[in-house]
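Letter by letter, the chains look like this.
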Amino acid sequence: MRASALVALVCALAFLASPSQRKKKKEEETQTLQLPKELPGAVTGETRRLTFRVTPLSAKGLLSQQVRDALKALARETGSEEVLKIRAFVAGSGDIRRVRDLVSEAFSDRRQPLPSLSLIQAGGLPLEGAQVVLEAIASAKKEVNPNGLAFLSAAVATSENPLDPVPPLTVKSLAGLRHELQAVGSEPADVLRVTCFLSSLDNLAETRKLVLADYPRAVLNLVQTQRAPVSALAACEAVARLRAKTPDRLRVVNPSAGQSDAAVVGAARLVLTGTQASFGYQEQDARLAFERLQKALQQAGVSTGDVAFAHIYPLSGGIAIQVRKVRGEFFSADRPPAGSMVLFEGLPSMDAGFAVDVIAVKD
């Protein structure tokens, strides 16, 4: 009798306790994860402190793991420097939108300021299985560019046949880049980063050798722009230290046809924006993208008239023609920025026609 009474008591206590336990368990199960913080549209850094990095490629794991590994490598390289801007080129079939969340999570977890981000889908990277490479601009603790910086436009060399080899085109592109470098008064040893956009990664060792022969001290990034390009392409752009101080906050070299060959920057600070994308394929959609860029610049205390360099990432030749027309409404006709515009594989939004990011001067 006592045993049965004891069993009944235990059952009664379990019954009384179970509602609260079930409620607690339910609350734990329905607890929502914190959303990643939104990345800023633009970040400002001191021109004389800027450093330039490119993360090593890895073929380990899927896109998320490779992004995390690249961010860890970037953290090791930059150390105590503040990362201001990341440009991520993503290849493969992974969801490139995930990169934005991973960048936000990584910097939030380390309690570091969030960088601006440009996110572009490329056709391929120079390592089989590699899905992401990060270009970064960071701010050092001390001055490393005492005279300012020069941003050199992508020197474009093309051939109508998409199967034509890339190395001969790279030779032509590098010749154009050398001309731009001479025009700003810098030397090959002053070049900090070179990015070459290529139609194919065939004969990559030869292409790499050509670039490093000219710029052995620069960090190098090689990116295939599209998986099935309509023409063969090599287009190398660069950033270099100035050898002498310039009295100009911004001076462009050889302005023509809506773009200058180079931009010489003596301004104390630079504004680095993330990409603004068009949503749709009409001229008005392109105009809205530039208006959003204009707003991001205004919030950073500058205007489109202060733009030194513009990266534009169209997804088709028709869109590129459209962008060339519309950008003239926003950039100075007498002093157009330096820049690059080559066709890419894709963007985070399925209905995006192109994206644009810029570097603008700020006193």
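Just above sits the structure.
Basis of the calculations
Residues numbered from 1 in each chain as written. Predicted model: local features only at pLDDT ≥ 70, side-chain atom pairs only at ≥ 80, totals over all residues. Heavy atoms only, no water. Buried < 20%, exposed > 50% of the residue type's maximum accessible area, 1.4 Å probe, protein only. Helix = DSSP H or I, 4+ residues; strand = E, 2+ residues; numbered from the N terminus. Arc of directions from axis to C-beta. Contact = heavy atoms within 4.5 Å. Polar contact = N/O pair within 3.5 Å; in protein donor to acceptor, adjacent residues only side chain to side chain. Pairing = 2+ DSSP bridges. Axes fitted to C-alpha atoms, helices over the stretch in contact; angles between N-to-C directions. Phe/Tyr/Trp six-rings, centres within 6.5 Å; stacked < 30°, edge-to-face > 60°. Lys NZ or Arg CZ within 6 Å of the ring centre and 35° of its normal. Disulfide = S-S within 2.5 Å. Expected span 1.5 Å × (residues − 1). Core = buried A, V, L, I, M, F, W, Y, C linked by side-chain atoms within 4.5 Å.

## Considering helix H7 (residues 317-327)
Considered for burial, the residues of H7 that qualify are Ile-319, Ala-320, Gln-322, Val-323, Val-326 and Arg-327. Across the axial projection of H7, the buried residues extend over an arc of 160°, all falling on one side. Away from its buried face, by an angle of more than 90 degrees, H7 presents the exposed residues Ile-321 and Lys-325. Contact partners of the buried residues in H7: helix H6 (283-299), strand S14 (307-314), strand S15 (338-341) and strand S16 (354-362).

## Side note on the side chain of Ser-278
With respect to the helices and strands, the residue Ser-278 is situated in the loop between strand S13 (276-277) and H6. Ser-278 gets classed as buried once you look at its relative accessible area, which sits at 1%. A polar contact of 3.0 Å, which involves the side chain of Ser-278, links it to the backbone nitrogen of Gly-353. With residues up to four places along the chain from it excluded, the contact list for Ser-278 reads Asp-285, Ala-286, Ala-289, Arg-292, Asp-351, Ala-352, Gly-353 and Phe-354.

## Comments concerning the sheet that holds strand S8 (residues 219-224)
The mixed open sheet is built from 6 strands, whose spatial order is S8-S7-S9-S6-S11-S10. The sheet terminates laterally at S8 and strand S10 (250-253), the two strands that pair on one side only. Going from strand to strand, the sheet's axes swing by 15° on average, the running direction of each strand aside. Inspection of the sheet shows S10 paired to strand S11 (residues 262-265) by 4 bridges, in the antiparallel sense. Bridging from a neighbouring strand, Arg-251 pairs with Val-264 of S11. Against the sheet, helix H5 (residues 204-214) makes contact with strand S7 (191-198) and S8, and its axis sits at roughly 145° relative to S8, the strand it touches most.

## Observations concerning the packing of aromatic side chains
Evaluation of the coordinates by the stated rule reveals 8 aromatic pairs. Judged by centre distance (6.0 Å) and plane angle (65°), the ring pair of Phe-89 and Phe-197 falls under edge-to-face. With Phe-89 in strand S3 (residues 82-90) and Phe-197 in strand S7, this residue pair connects regions lying 108 residues apart in the sequence. The class for Phe-89 is buried, based on a relative accessible area of 0%. Here Phe-197 falls in the buried class, since its relative accessible area comes to 0%. Their ring planes at 20° and their centres at 5.9 Å tell us that Phe-89 and Phe-344 sit as a pair that is stacked. In this pair, Phe-89 is assigned in strand S3 and Phe-344 in the loop between S15 and S16, connecting sequence segments 255 residues apart. Taken individually, Phe-89 and Phe-344 each receive the classification buried, so the pair is uniform in this respect. Between the NZ or CZ atom of Arg-110 and the centre of the ring of Phe-107, over which it lies, the distance is 5.0 Å.

## Focus on the state of the cysteines
Under the definition given, this model contains 1 disulfide. One disulfide in the model links Cys-196 with Cys-236; its S-S distance is 2.1 Å. An S-S torsion of about 110° defines the bridge between Cys-196 and Cys-236 as right-handed. Remark: Cys-236 occurs in strand S9 (residues 232-241) and Cys-196 occurs in strand S7; sequence separation between them is 40 residues. Assigned by exposure class, Cys-196 and Cys-236 land together as buried.

## With respect to helix H2 (residues 63-78)
End to end, H2 covers 22 Å across 16 residues, agreeing with the expected 22 Å (1.5 Å per residue, within 8%). Of the positions making up H2, those classed as buried are Leu-63, Gln-66, Val-67, Ala-70, Leu-71, Ala-73, Leu-74 and Thr-78. For H2, the buried positions fall inside an angular range of 160° around the axis, keeping them on one side. Along its buried surface, H2 packs onto strand S2 (50-54), S3, helix H3 (97-109) and strand S5 (132-139).

## Description of the nonpolar core
General note: in soluble globular proteins, nonpolar side chains tend to be found buried as a group. Residues Leu-152, Leu-177, Val-191, Val-194, Leu-198 and Tyr-215 are the most contacted members of the largest nonpolar core, which totals 29 residues. Contributing elements (two or more residues each) for this core: strand S6 (149-159), helix H4 (166-183), S7, H5, S8, S9 and S11. Once you skip the residues sitting within four places of it in the chain, Tyr-215 turns out to touch Leu-174, Leu-177, Arg-178, Leu-181, Pro-188, Val-191 and Val-194. The next biggest cluster of nonpolar side chains, apart from the first, holds 23 residues, and it includes Leu-39, Val-67, Ile-86 and Val-103.

## Section: unusual backbone geometry
The backbone of Asn-203 sits at a positive phi, close to 55°, despite the residue not being glycine. Positionally, Asn-203 belongs in the loop between S7 and H5. For Ala-257, which is not a glycine, the phi torsion comes out positive at approximately 55°. Assignment of secondary structure puts Ala-257 in the loop between S10 and S11. Taking relative accessible area as the criterion, Ala-257 reaches 76% and is therefore assigned exposed.

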